[in-house]
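Single-letter residue listing:
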Amino acid sequence: MARAGLTPDRITVAAADLADEIGFDKVTLSALARGFGVKDASLYSHIKNLADLRFRVAALAGREVHERLAAAVAGRAGKDALTAFANTYRDFAHEHPGRYAATQIQIKLDASAFDTPEIRRAIETPYAMLRAYGLSEPDLTDAVRLLRATFHGYFQLEATGGFNAPRDTRASWDRTVEALHALLENWPHSSAD
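Below: a short report on this structure. Computed from a prediction, not measured in an experiment: that's the story for all the values here.

**Things to note about the overall build of the protein**
- Summing up its helical and strand segments, the protein has 9 helices and 0 strands in all.
- In sequence order, the protein lays out its α and β elements as α-α-α-α-α-α-α-α-α.
- The 193 residues of the protein split such that 36% are buried.
- For the protein, contacts bridging at least 24 residues in sequence account for 68% of all contacts bridging at least 6.
- Of the roughly 10,800 Å² of accessible surface on the protein, a fraction of 54% belongs to carbon and sulfur atoms.

Here it is, written out as C-alpha cells:
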C-alpha cells in the first residue's frame, strides 16, 4: 500500500528541490526517501525507478523554465525580447541549478513521449522570438542552437568559476547579449542547404 501523502507530483517536486540543493546528479532514491522519512520501497509505488524520476524532474523543470521564458518575451520583439529571454534563462539557471541541469540531460524514450502541447510550446518559444529577426529555416535552427550553446556555456563557466578576470560577469553577460543581438540583426542567411 502506498504511504499516505506521497504522490508522483510531490515526489517529483521534492526531487527537484533536492537537486537544487545538492546537484541533480547526486539525487538518489535513498536520499529522497530519507527526506520523506520512508524506506526506498515506498517510492516505488509512485515512480518506476531513478530514470523515471529523472525524466519527471526534467519535465517539471522544462515546464517551469518555459513558463518563465514565455512570460518574459510576451509582447516583446527584437533586442527587448532577446534580452528578456537571456536574462530569464540565466536567472533560472542561477536560482535553480539542479532543475537547470535536469533540462540538459538526454532522455532516451519513445519520441511520442515528448509530443505534448507543453513541449511543442517550449520548443516554439525561442523560434518565435527569433522570427522577429527575419530568420527562416535553416537559419532559425542554427540561431536557436547558437543561443542555447552560448547561454549554456556561459552559465556553466560562471557556475564553475571559469571566469577569473576581475570584470563583473554580469557586465560581460550584458555585452554578450548585445553582441548576439547585433549578430542576429546581421545574420548571414544561408543558401538552400
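**Some words on the nonpolar core**
- Counting residues in hydrophobic clusters, the biggest one holds 28 residues, and the most contacted among them are Leu82, Met129, Leu130, Leu135, Leu147, Phe151 and Leu184.
- Mapped by element, the contributors of at least two residues to this core are helix H4 (50-73), helix H5 (78-95), helix H7 (117-131), helix H8 (139-159) and helix H9 (169-185).
- The next biggest cluster of nonpolar side chains, apart from the first, holds 20 residues, and it includes Leu6, Val38, Ile47 and Ala102.

**Considerations on the packing of helix H1 (residues 8-22) against H4**
- Closest axis-to-axis distance for the H1/H4 pair is 9 Å, and the angle between their directions is 80°. With respect to each other, H1 and H4 are oriented roughly perpendicular. Residues Pro8, Ile11, Thr12, Val13, Ala15 and Ala16 of H1 touch H4, and the partners they reach there are Leu53, Arg56, Val57 and Leu60.
- When its residues are assigned to classes, the contact of H1 with H4 shows 8 nonpolar, 1 polar and 1 charged.

**Thoughts on the packing of H8 against H9**
- Close contact between H8 and H9 brings their axes to 12 Å; oriented N to C, the two are set at 170°. With respect to H9, the axis of H8 lies roughly antiparallel. For the pair formed by H8 and H9, the contact residues are Ala143, Leu146, Leu147, Thr150, Phe151, Tyr154 and Glu158 on the first element and Thr169, Ser172, Trp173, Thr176, Leu180, Leu183 and Leu184 on the second.
- Taken together, the residues that form the contact of H8 with H9 break down as 9 nonpolar, 4 polar and 1 charged.

**Details of the packing of aromatic side chains**
- In this structure the tally under the stated criterion is 7 aromatic pairs.
- Centroid distance tyrosine 89 to tyrosine 100: 5.6 Å. Interplanar angle 85°. Geometry classified as edge-to-face. With a gap of 11 residues between them, tyrosine 89 in helix H5 and tyrosine 100 in helix H6 (residues 97-103) connect regions that are remote in the sequence.
- Given the relative accessible area of 11%, tyrosine 89 is considered buried.
- A relative accessible area of 3% means that tyrosine 100 is categorised as buried.

**Quick word on the environment of arginine 68**
- Its location among the elements puts arginine 68 in helix H4.
- You can call arginine 68 partly exposed: its relative accessible area is 28%.
- Counting along the chain gives 24 residues from arginine 68 to phenylalanine 92, while the straight-line C-alpha distance between them is 8.3 Å.
- Non-local contacts of arginine 68, meaning those with residues more than four positions away in its chain, are made with Thr88, Asp91, Phe92, Glu95 and His96.

**Things to note about unusual backbone geometry**
- Residue proline 138 follows glutamate 137 across a cis peptide bond; omega there is 0°.
- Locating proline 138 in the fold gives a position in the loop between H7 and H8.

**A word on H8**
- The terminal C-alpha atoms of H8, which comprises 21 residues, lie 30 Å apart, in line with the 30 Å expected from a rise of 1.5 Å per residue.
- Residues Asp139, Leu140, Thr141, Ala143, Val144, Leu147, Phe151, Tyr154, Phe155 and Glu158 constitute the buried set of H8.
- Positive phi shows up at glycine 161, right after H8, with a value of about 75°.

Procedures and definitions
Residues numbered from 1 in each chain as written. Predicted model: local features only at pLDDT ≥ 70, side-chain atom pairs only at ≥ 80, totals over all residues. Heavy atoms only, no water. Helix = DSSP H or I, 4+ residues; strand = E, 2+ residues; numbered from the N terminus. Buried < 20%, exposed > 50% of the residue type's maximum accessible area, 1.4 Å probe, protein only. Contact = heavy atoms within 4.5 Å. Areas by Shrake-Rupley, 256 points an atom, 1.4 Å probe, with all protein chains shown as cover. Core = buried A, V, L, I, M, F, W, Y, C linked by side-chain atoms within 4.5 Å. Axes fitted to C-alpha atoms, helices over the stretch in contact; angles between N-to-C directions. Parallel < 35°, antiparallel > 145°, perpendicular 65-115°, else oblique. Nonpolar A, V, L, I, M, F, W, Y, C, P; charged D, E, K, R; others polar. Phe/Tyr/Trp six-rings, centres within 6.5 Å; stacked < 30°, edge-to-face > 60°. Expected span 1.5 Å × (residues − 1).

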